[in-house]
Amino acid sequence: MDFTFQVLNNTRGIFSKIIENSSLEDLNKIPEGFSNNIIWNIGHIVVTEQLLAYKLSGLNMMVSDDLVNKYRKDSKPQGDVTQAEVNEIKALLFSTIKKTEEDYKKGVFKDYNVYTVSTTGNTLHNVDEALQFILVHEGIHYGYVLALLKVIKN
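Residues numbered from 1 in each chain as written. Predicted model: local features only at pLDDT ≥ 70, side-chain atom pairs only at ≥ 80, totals over all residues. Heavy atoms only, no water.

Participant: Please explain the side chain of Asn41 as it appears in this structure.
Facilitator: Topologically, Asn41 is positioned in helix H3 (residues 38-53). The exposure class assigned to Asn41 is buried, which follows from its relative accessible area of 0%. When near neighbours in sequence (up to four residues on either side) are disregarded, Asn41 contacts Asn36, His141, Tyr144, Val145 and Leu148. (Helix = DSSP H or I, 4+ residues; strand = E, 2+ residues; numbered from the N terminus. Buried < 20%, exposed > 50% of the residue type's maximum accessible area, 1.4 Å probe, protein only. Contact = heavy atoms within 4.5 Å.)

Participant: Any chance you could explain the packing of aromatic side chains here in plain terms?
Facilitator: The geometry of two aromatic rings is summed up by the distance between their centres and the angle between their planes. A full pass over the atoms with the stated rule returns four aromatic pairs. Considering the side-chain rings of Phe5 and Tyr104, the 5.8 Å spacing of their centres and the 55° angle between planes classify their relative orientation as tilted. Of this pair, Phe5 sits in helix H1 (residues 2-20) while Tyr104 sits in helix H5 (residues 83-106); the two residues are 99 residues apart in sequence, bridging distant segments of the chain. Relative to Tyr144, the ring of Phe34 lies with its centre 5.7 Å away and its plane at 80°, an arrangement referred to as edge-to-face. Of this pair, Phe34 sits in the loop between helix H2 (24-28) and H3 while Tyr144 sits in helix H6 (residues 127-153); the two residues are 110 residues apart in sequence, bridging distant segments of the chain. Accessibility expressed as a relative area gives 22% for Phe34, which makes it partly exposed. (Phe/Tyr/Trp six-rings, centres within 6.5 Å; stacked < 30°, edge-to-face > 60°.)

Participant: What's the story with the pattern of salt bridges in this structure? I'm lost.
Facilitator: A side chain of one charge can pair with a side chain of the opposite charge if their charged atoms are brought near each other. Tallying each qualifying case throughout the model produces eight salt bridges. For Lys153, the salt bridge identified is with Asp26, shortest N-O distance 3.2 Å. One end of the pair, Lys153, is in helix H6; the other, Asp26, is in helix H2, with 127 residues separating them in the sequence. Given the relative accessible area of 47%, Lys153 is considered partly exposed. (Salt bridge = Lys/Arg side-chain N within 4 Å of Asp/Glu carboxyl O.)

Participant: Whenever I open this one, H5 confuses me. Can you help?
Facilitator: Helical geometry: 3.6 residues make up each α-helical turn, so side chains three or four residues apart lie on a common side. Look at H5: 35 Å from first C-alpha to last across 24 residues, which is about the 34 Å you get at 1.5 Å a residue. Of all the bends in H5, the greatest measures close to 30° and is centred on Leu92. In this structure, the buried side of H5 is in contact with H1, H2, H3, helix H4 (65-71) and H6. Immediately downstream of H5, the backbone of Gly107 shows phi near 80°, a positive value. (Expected span 1.5 Å × (residues − 1). Bend = angle between axes of the 7 residues up to and from the residue.)

Participant: Sorry, what's going on with the nonpolar core here?
Facilitator: Note that soluble globular proteins tend to have their nonpolar side chains buried in a common cluster. Counting 25 residues, the largest nonpolar core has Ile19, Ile38, Ile39, Ile42, Tyr71 and Leu93 as its most contacted members. Counting residues per element, the ones that place at least two in this core are H1, H3, H4, H5 and H6. Among the elements that make up this core, the one with the highest residue count is H3 (eight residues). Look past the residues within four positions of Ile42 in its chain and what remains in contact with it is Phe15, Ile19, Ile89 and Leu93. In this structure, Ala53, Ile97, Ala130 and Ile134 belong to the second largest nonpolar core, which totals 16 residues. (Core = buried A, V, L, I, M, F, W, Y, C linked by side-chain atoms within 4.5 Å.)

Structure follows, in structure tokens:
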């Protein structure tokens, strides 16, 4: 699982750089033909990792219910995000994945509520499968963010 966490840390670093190199206006912009924005996608990957790893394991998440409701599957941006919320999401990129890795190595993830993901139709039976899917999920949203950046910057 070391490689999985290495990839997740690298991906989170890419998302962090995108935040650093984008204006608040660009992070909030929803171009024509899109249903969300860059910061929604980044908040969404943070929340999804917490839901798939912690909530489905019956453990407490590191994100608030408010954040979950704003960025969970089937949600949409409900107005512009403030710089303070961007800063919170940016900090959570690293703090959540670090804690997940620590908890994984400690053997905290014992139980798991089986869950079928809508994205690929695969059923997750344990945290190992969840972490593998989280890699795919974050890759999908990285691609979406790249598409948003391309449209916004042109």
